[in-house]
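Coordinate analysis (summary)
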Amino acid sequence: MGARHGPLRRPVARYSIFGMVWGEHRMESVILVIHLLIAVGLVGVILIQRSEGGGLGIGGGTMGGMMSTRGTANLLTRTTGILAGCFFATSIVLAILAGGHSRPASIIDTLPASPAAPTAPAQPAAPAQPAPPVSQ
């Protein structure tokens with residue numbers, strides 16, 4: 001077939017987080033999809049919860065006798081906390097990945113190694129003669 005990295009293909013930059021190595025944008029895409037799924041799940045769990053004012057109240061009732069109202073509230077509260085923690089974790093990972101593309105540069109690093117040769121100051125131009133007054 002041919003060389004994998006031919007003259008027109010550049011090597012793909014790789015990231016390593018928690019021992020996983022991914023391609024240049026693949027890891028960001030996977031984490032972004034997970035982040036969006038967590039956000040949708042978090043919104044759903046929050047809307048299901050029964051609030052003091054009634055809210056949507058979908059989570060109320062006995063759910064067919066499977067769990068008590070108190071057990072349902074505890075489950076939804078715990079699920080909300082877990083999803084919120086996962087949401088913050090994926091937010092931090094995405095922020096780290098987004099900031100990893102650029103390296104901070106210093107102005108001192110851009111200075112030339114040797115100082116430039118001093119130049120003589122430019123001679124000032126001769127002053128212009130004043131214009132004669134204009135009569136009215």
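Residues numbered from 1 in each chain as written. Predicted model: local features only at pLDDT ≥ 70, side-chain atom pairs only at ≥ 80, totals over all residues. Heavy atoms only, no water.

1. With respect to the overall build of the chain
For clarity, the cut-off: Runs of H or I in DSSP of at least four residues are treated as helices and runs of E of at least two as strands, each being numbered from the N terminus. Partly exposed describes any residue whose relative accessible area lies between the buried limit of under 20% and the exposed limit of over 50%, with all areas from a 1.4 Å probe on protein chains only and scaled to the type maximum. We call two residues in contact whenever any of their non-hydrogen atoms come within 4.5 Å of each other.
Secondary structure summary: the chain contains three helices and two strands in total. Start at the N end of the chain and walk to the C end: the helices and strands fall as β-β-α-α-α. Burial statistics for the chain: of 136 residues in total, 15% are counted as buried. Considering only contacts in the chain between residues 6 or more positions apart, those separated by 24 or more positions represent 55%.

2. So, the environment of Ser29
Structurally, the position occupied by Ser29 is in helix α1 (residues 26-48). Note on Ser29: relative accessible area 42%, which makes it partly exposed. Linking Ser29 and Leu94, residues 65 residues apart in sequence, is a C-alpha distance of 9.5 Å.

3. A closer look at the side chain of Thr80
Tracing the backbone shows Thr80 in helix α2 (residues 69-99). Given the relative accessible area of 17%, Thr80 is considered buried. Excluding residues that lie within four positions of it along the chain, Thr80 makes contacts with Leu42, Val45, Ile46 and Gln49.

4. Considerations on the side chain of His35
Following the sequence through the fold, His35 ends up in helix α1. Residue classification places His35 among the buried residues on the basis of a relative accessible area of 12%. Non-local contacts of His35, meaning those with residues more than four positions away in its chain, are made with Phe87, Thr90, Ser91 and Leu94.

5. Let's talk about the confidence of the model for the chain
Quick note on the threshold: Values of pLDDT, the confidence the predictor places in each residue, fall between 0 and 100.
When pLDDT is averaged along the chain, the result is 75, and 63% of the positions lie at 70 or above. Across the chain, the element-wise mean pLDDT spans from 53 in strand β2 (residues 20-22) up to 92 in α1.

6. Here's the deal with α1
Rules: Multiplying one less than the number of residues by 1.5 Å gives the expected span of a helix.
For α1, spanning 23 residues, the distance from its first C-alpha to its last is 33 Å, which sits close to the expected 33 Å at 1.5 Å a residue. Along α1, the residues classified as buried are Met27, Glu28, Ile31, His35, Ile38, Leu42 and Val45.

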